[in-house]
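Coordinate analysis (summary)
One letter stands for each residue in the lines below.
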Amino acid sequence: MRTADPFGTVAIRQRVLAGWAAAPARFREDANAEEDYALGGYRDRLVVELAQNAADAAARAGRPGVLRLTVEAGVLLAANTGAPLDSDGVASLATLRASAKREEEGATVGRFGVGFAAVLAVTDEPELVSTSGAVRFSRRESAGLVAARPELAAEVGRRRGHVPVLRLPFESAGTPPAGFTTEVRLPLRPGTAESVAAQLADLDATLLLALPGLERIELADATLSAAVDGDDVVLADRSGSRRWRVRRAGGTVPAGLLAGRPTEERDRDAWSLTWAVPVDVAGGPQPLGAGVVHAPTPTDEPISLPARLIATLPLEPTRRRLAPGPLADFVLDLAGREYAALLTSVAGGPAVLGLVPEPALVGSPHDAALAATALAALRRARILPTVDGALVAPPDAVALDVVSPPLVAALRDAVGGLLPAEWSARGHERALRRLGARRLTLGEVVELLAALDRPPAWWHDIYTALDGLAEPGELAGLPVPLSDGRTVVGARGVLLPETEPPVTLPALGLRVAALAASHPLLERLGAVPASPGTVLADARVRDAVQGSFDLDDPEPVMRAVLDLVAAAGPAATENSWLAEIALPGTDGEWHPAAELVLPDSALSRVLARDAPFAAPAGWLRETWGDGVLADAGVLRDFAVLRVDEAELDPDADVDLDGYEAWAEATLDRLPDSDLPPRVEALAAVRDLEFVADWPAALDLLAAERRRNVVEEPVIVHAGGRDVAVPSYTRWWLAGHPVLDGRRPRECRLPDAADLEGVYDVAPGPHAALAGAWAGLDAVLADPAAAADLLDRLGDPDRRCPALVARDVYSRLAAALADGLPPAPDRVRIGPDRTAPADAAVVLDTPYALPLLAGRPVVPVGDSPAAVAELLDIERASDLISGARVTSKPDGVRPWTDIPGVGLAAARCGGGVPDAQVGTHHGLRVNGTAVPWWPDGATDHVDAAAGAPALGRALAWRLGAWSHRAGAVEALAAPSEADRLAAEDAAHS
C-alpha cells in the first residue's frame, strides 16, 4: 500500500526548519539562492526545464518518453512518461542545489535539481503527482512554518515575509493522467499566463535534438516529434517536418580536466556532443543562421557555425554562459573536430560550403576558438569531391574562377584535384579560400596550359571551352599546336588552315595551326584564316620577300610566293611590298619585281628607251603567266608607291622623283605646329620621270586604277587639325611639261573665268588631271603659285577680270602673309592696265585722291596696309601727312541739322555722329580744291559737291565706307526718307 507520506516530506521539513533555526544565515542563503534562480537564470526557461525533467525520467526508464503540456483552468500541466518520482528526487528538490542525477547513468539532462526553480517564475504552489506518490510546495504554508520560529522572525521581517518555497515539501494526493507516470501541476500566478502561453507557442521540435530521451511533446495545438532515420532525425512540429543530419560523439573526460570543477560535476566524467544541421531530400545541407550553444538546452553563448551544437559543456550557475577553463576548451576542441565529420556526412554538393566557418561572424572568444578548431579540422578532412568523384582535402582541391562545365571537362586530366564546375559559382570563393582550396583564374589556366603537351584535338576542346569566357587579352598567351609539330604561345599571326596546309608554305617560315586544333576562338585572338590572300599578308611572307635578295638562292621563296599570288588572284595586289621580290630578268640578273616591265604592255610603250627597266625571264612568264607576274609587282602599268603613317620630312628616303621638293611645298601650306606633321597614308605613282610619250601616259593615269591616286588629296595631320594637300602625283605633273610641252601649273582650265587673261587655257583632254588651275582659290592656296600670280598681275601683256582685280592684291597679301616674296616691278591698276610700282600708290584715305597729282592707284580691297607692304609702295595717308584746310567755311552746324541724316546714318549701320559739318563755297586743302575733307570733329564739304560729298563724309566718319552710296541717296532726297526706308525694309 502507498503510505500517506511516501517521500518523507515531514522529516525533510523538520530537518530544514531545524537547520534554519540553528543558522538563520543559512535560511537567508537558501532564500537568496532560490530567488536568484527563479528571477535570474531560470526566469524564462520554465517549459524547457519541464522538458528536461521529462527527458531525464524517460532516460531513467530506458525507453522513449512523451511529454504533454496543457493549461487548464489557470493551471499549467506537464505530464510525462518514464521513471516515476522517488524520494531522491524529492530530496533533490528540497536541497535546491543537489541534483539526484549524480549516480544515475541514464540521466542525461538533469532531474529535479536547480532547474525546477524555474516554476517559481509563474507559481507559488507547485505540485508533482506521480504513480509513486505526490508532493507539493506552498509559499503560504512555508511562510507560516517559518514565522512560527522565533529564531527566524527577524530575518523573515527583513525579507518582508519572503521565504524559500522549494525547501519545504508537503504531502499531497492524486494520480497522474492515464498513460503518464508523473504530472507537474503549476497554478499560475496572476499575470503569468501570457508568458506561459508565449513559451508554449515558441516551442518547436528542435528542442528534441537536445533531449534524445523524448520522442514526442504534445501541446494543445500541435505535436512535436522526433523520429530517428539512420544518421538523420526527422522533426515535426507546427511548420511541418524537417530532416536533420545528426553527428553524435561521446567519451570520458580526462580526470585532470575535472579538478577545478564543483564536486558533483567531478563525479560526471562522461562527455557527449551532438552536431545537427537541416538537410534537403537529397541530403544537401541547409545551413542555419547564427544561434547559441545548447548545453544541452539553449544557453546565451553565441555560436557562428551554421549548425546546432549540443554538448556537455560546463556552465556558470545561471546555466546561461559557459564556464571558462580547461574543461570547456576540451569539449569545444572535440566539437570543432567533430564538425568536420558532420560535413563529410552530408551530400557533396557546393551547398556544403555554407557550413564553412566565417571568422568575421564570431561572437565570443569561445565561438572564435570553436570556429578556428572546426576550420583547421575541415582543412584536413576529405570533404571536397573532384570532377573524377574522389574526395580530397581542401588544400589539394582546385576550383576555376569561372563556371564552365566544358572547361572543367577539358582540364580534368590536366589539373589534379579539380572540382566540378558548380563549385566555381560566385559566392563560393570565400569559403573555398578559407578552406585553403586553390582557385585558378583564367590567366593561371592559360599559364598552366603553356606547359602541357597534348594532341591537337585536345586543344580544340580547350578552345571550345574557353570561347566566350574572357576578353581576348586574357587569352593572349594561349598555346597553339602547329602543323609541323611545334607548339607556339599566342595565336596572333598563326594561320588557320581550312584544309591541309599548302606544301610551299614551309619555305616561307610560316606558323600554320594543326588542322585538328583550328578553332574560331583562335581567329578572335589574332590568328588568320589560311586563305592565299591572308597568307600573303603574313609578316613572315613580307620578311621573306624583302629578304629574298640576301639569299644565296632566292628561287624557293620566289616559287612559294608566286604560287600564293596565283592562288590569291587580284587580292594579291593589296600587298605593294610584293614588288620587292627577287625575280630573274632576261638579262640573267635578279631584279626586284618593280624594276621589271612586261614586254608589249601599256607601260612599256610610254617609257623612254633608256629607262632603267628589264623584262622578266621568259620561263617565268611561261610558268606563271603575265597576270600573276603583274599581281606580284612586275610592271605593265604605272606602279603605285604606298607608305602608311609617314612623317612629312624632305630628308626622308622615299623613292619618288622630287619628293623633297613636294615635301617642302606641302610644309609651306601647313599651319605652325610643335609636332612634326604626319601623313596617314601616302599613295604616289612612281617612275614618272622615265615617261617619253605623255599623251599616252596621261591616258594611263586617267584610267580608274590610277586616277584616284592622282586626284585624291593627301591628308596631313598638323597643328591639331587635318589639312588636305595635292597628291604627290598631281604636284609632279603640274610642274612638268606634260601638256603639249606646257606645265599645267602655268595654265588654267577653260571654265576658270576668274583667271582669264592671267593664265593661258591648258591644252589637251587631261588638263584637270594634270593639275591645271581650276580657279583663283586653288592658286592662292599654294604659296609658290600665289607668288607666281603676283608677278603675272604686273605683266602688261596680260589682263585681269575687273571683279578679280578689285581685291586680288588684298587676297594675295593674306595668302602670302607668312612669307612675302620680292615685290614686283610693275603692279596692276585696272583690268587691262599696269604701272611701275614706284609710281603707284595705295589709296588708304579716299579723300586724299585730289592731292595725289594723278599718281596711279592700286585697288586694295579691304587691306590697304597689307597690300602696301606686299607691293612695297607708298600709302596715300603717308603722302598727305600734314595737309590742312586752307579755305574758310561759310557756316558750321551739327550733323543732326542736316536733312536726311537719320536715314543716311542708319544705312551706314550707326547713329547720327556727334560732330559738325563746315560748308565751303570752294573747299581747299593746301590750296587744292577738294569735295570733302575730315578734320578732327568737323567734316568739311564743298557746297557745290552737294549730297555726294556729304554722303562720303558721313560714311567715312561712321567707318562704313562701303555704304556710302546709300548715304548719298538719303542725303540727296531727304523728303523721300519714308519711301526710302520702306524700300530698305522690303526683301529682295
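Residues numbered from 1 in each chain as written. Predicted model: local features only at pLDDT ≥ 70, side-chain atom pairs only at ≥ 80, totals over all residues. Heavy atoms only, no water.

Section: the overall build of the protein chain
Helix and strand counts for the protein chain come out as 35 helices and 41 strands. Computed over the C-alpha atoms, the radius of gyration of the protein chain is 57 Å, more than 25% above the 30 Å expected from 2.2 N^0.38 for a compact globule of 988 residues. Principal axes of the C-alpha set define a box for the protein chain whose edges measure 160 × 100 × 45 Å. When the 988 residues of the protein chain are sorted by exposure, 49% land in the buried category. (Helix = DSSP H or I, 4+ residues; strand = E, 2+ residues; numbered from the N terminus. Rg over C-alpha atoms; globule rule 2.2 N^0.38 Å. Buried < 20%, exposed > 50% of the residue type's maximum accessible area, 1.4 Å probe, protein only.)

So, the pattern of salt bridges
In this structure the tally under the stated criterion is 48 salt bridges. The partner of Glu301 in a salt bridge is Arg321, with the nearest N and O atoms 3.4 Å apart. Here Arg321 lies in the loop between strand S14 (308-311) and helix H10 (326-345) and Glu301 lies in strand S13 (residues 298-303), a separation of 20 residues in the sequence. Judged by relative accessible area, Glu301 falls into the buried class, the value being 3%. With a shortest N-O distance of 2.7 Å, Arg412 and Asp388 are connected by a salt bridge. Within this pair, whereas Arg412 is found in the loop between helix H12 (405-411) and helix H13 (429-435), its partner Asp388 is found in the loop between strand S15 (384-385) and strand S16 (391-392), the two being separated by 24 residues in sequence. (Salt bridge = Lys/Arg side-chain N within 4 Å of Asp/Glu carboxyl O.)

Description of helix H23 (residues 694-702)
All buried positions along H23 are accounted for by Trp694, Ala697, Leu698, Leu700, Leu701 and Ala702. The backbone nitrogen of Ala696 has a side-chain oxygen 3.3 Å away, supplied by the residue at the start of H23, namely Asp693. (Polar contact = N/O pair within 3.5 Å; in protein donor to acceptor, adjacent residues only side chain to side chain.)

Examining the environment of Leu76
Positionally, Leu76 belongs in strand S2 (residues 75-80). For the pair formed by Leu76 and Glu218, sequence separation is 142 residues and the distance between their alpha carbons is 13 Å. Among residues more than four places away in sequence, those in contact with Leu76 are Leu46, Leu50, Thr70, Val71, Val184, Arg185, Leu186, Leu188, Val196 and Leu200. (Contact = heavy atoms within 4.5 Å.)

A short note on the nonpolar core
With 60 residues, the main nonpolar core has Leu50, Leu69, Val146, Leu214 and Ile217 as its most contacted residues. Looking at this core, the element that brings in the most residues is helix H3 (residues 46-61), giving seven residues. Those residues in contact with Leu50, other than ones at most four positions away along the chain, are Leu67, Leu69, Leu76, Ala78, Val119, Val184 and Leu186. (Core = buried A, V, L, I, M, F, W, Y, C linked by side-chain atoms within 4.5 Å.)

Looking at the packing of aromatic side chains
Applying the stated rule across the entire model yields 15 aromatic pairs. Between Tyr659 and Trp662, the aromatic rings sit 5.6 Å apart at their centres with planes inclined by 45°, giving tilted as the arrangement. Taken together, the residues span about one helical turn, with Tyr659 and Trp662 both in helix H22 (residues 659-669) at a distance of three residues. One exposure class covers both Tyr659 and Trp662, and it is buried. Look at Tyr847 and Trp933: their rings are 5.0 Å apart centre to centre, the planes differ by 75°, and that puts the pair in the edge-to-face class. With Tyr847 in the loop between strand S33 (841-842) and strand S34 (857-858) and Trp933 in strand S40 (residues 932-935), the pair connects residues that are 86 residues apart, well separated along the chain. (Phe/Tyr/Trp six-rings, centres within 6.5 Å; stacked < 30°, edge-to-face > 60°.)

Overview of the pairing of strand S9 (residues 232-237)
With five bridges connecting them, strand S8 (residues 223-229) and S9 associate as antiparallel partners. Residue pairing across strands places Ala227 opposite Val234, the latter belonging to S9. Between S8 and S9, which pair antiparallel one after the other, the connecting turn spans two residues, and Gly230 there sits at a positive phi close to 65°. As defined by bridge partners, S9 adjoins strand S10 (residues 240-252) across six bridges and the pair is classed as antiparallel. Looking at the pairing, Val234 lines up with Arg243 of S10. Joining the antiparallel neighbours S9 and S10 is a turn of two residues. (Pairing = 2+ DSSP bridges.)

Describing the sheet that holds strand S25 (residues 640-647)
Spatial ordering of the open sheet is given by S25-S26-S27-S28, a layout of four strands whose pairing is antiparallel. What marks the edges here is a single partner per strand, and that holds for S25 and strand S28 (721-725). Between one strand axis and the next, the sheet turns by 25° as a mean value, whatever way the strands run. The pairing of strand S27 (residues 714-718) with S28 spans five bridges and is antiparallel. Bridge pairing links Ala718 to Arg721 in S28. The strands that helix H24 (residues 704-711) touches are S25 and strand S26 (678-685); relative to S26, the one it contacts most, it runs at about 135°. (Axes fitted to C-alpha atoms, helices over the stretch in contact; angles between N-to-C directions.)

Observations concerning the packing of helix H28 (residues 783-793) against helix H29 (residues 802-815)
Here H28 crosses H29 at 150°, and the two axes come no closer than 10 Å. Here H29 runs roughly antiparallel to H28, going by the angle between their axes. Between H28 and H29 lies a crossing of left-handed hand. Of the residues in H29, those touching H28 at Ala786, Leu789, Leu790 and Leu793 are Val808, Tyr809 and Leu812. Here the residues of the contact of H28 with H29 are counted per class, giving seven nonpolar, no polar and no charged. (Parallel < 35°, antiparallel > 145°, perpendicular 65-115°, else oblique. Left-handed = near helix turned anticlockwise from the far one by under 90°. Nonpolar A, V, L, I, M, F, W, Y, C, P; charged D, E, K, R; others polar.)

Concerning unusual backbone geometry
Of note, Asp687 is a non-glycine position whose phi angle comes to about 65°, a positive value. Considering the arrangement of structural elements, one finds Asp687 in the loop between S26 and H23. Of note in the backbone geometry, Asn926 takes a positive phi value of approximately 50° without being a glycine. With respect to the helices and strands, the residue Asn926 is situated in the loop between strand S38 (924-925) and strand S39 (928-929). Since its relative accessible area comes to 46%, Asn926 is described here as partly exposed.

Quick look at the layout of surface pockets
Of the volumes computed, that of the second largest pocket is approximately 840 Å³. Around the second largest pocket sit 32 residues that line it, and Ser576, Ala579, Gly633, Ala639 and Val640 are the ones nearest its centre. For the lining of the second largest pocket, the secondary-structure elements that each account for two or more residues are helix H18 (539-546), helix H21 (618-631), S25 and H24. Per-element accounting of the lining of the second largest pocket gives the leading share, three residues, to S25. Within the lining of the second largest pocket, the residues separate by chemical class into 15 nonpolar, five polar and twelve charged. (1 Å grid on protein atoms, 1.4 Å probe; cavity = no way out; pocket = protein on both sides within 12 Å on 5 of 7 lines; lining within 4 Å. Points joined across faces, edges and corners; volume = space filled by probe spheres on them.)

Details of a negative patch on the surface
Side chains of Glu647, Asp649, Asp651, Glu660, Glu664 and Asp668 sit close together on the surface and give a patch of like negative charge. In terms of residue count, the dominant contributor to the negative patch is H22 (three residues). Residue Asp668 is classed as exposed on the basis of its relative accessible area, which comes to 53%. (Patch = residues over 30% accessible without salt bridge, like charges linked within 9 Å, V, L, I, M, F, W, Y side chains within 5 Å. Areas by Shrake-Rupley, 256 points an atom, 1.4 Å probe, with all protein chains shown as cover. Lys, Arg positive; Asp, Glu negative; His and termini not counted. Charge placed at Lys NZ, Arg CZ, Asp CG, Glu CD.)

Here we look at the pairing of strand S41 (residues 938-942)
Most of S41 is tucked away: five of the five residues are buried. Neither face of S41 is exposed, since Thr938, His940 and Asp942 on one face and Asp939 and Val941 on the opposite face are all buried. Across five bridges, strand S37 (residues 916-920) lies against S41 in parallel orientation. For Val917, the partnering residue across the bridge sits in S41 and is Asp939. Here S40 pairs with S41 via four bridges, running antiparallel.

Focus: the sheet that holds S33
Strands sit in the order S34-S33-S35 across an open sheet of three strands; the sheet is parallel. Looking at the sheet topology across the chains shown, the edges are occupied by S34 and strand S35 (874-875). Of the pairings in the sheet, the one linking S33 to S35 comprises two bridges and is parallel in character. Opposite Val842, over in S35, you have Arg875 as the bridge partner.

Everything listed here is a matter of coordinates, which is why it stays silent on function.
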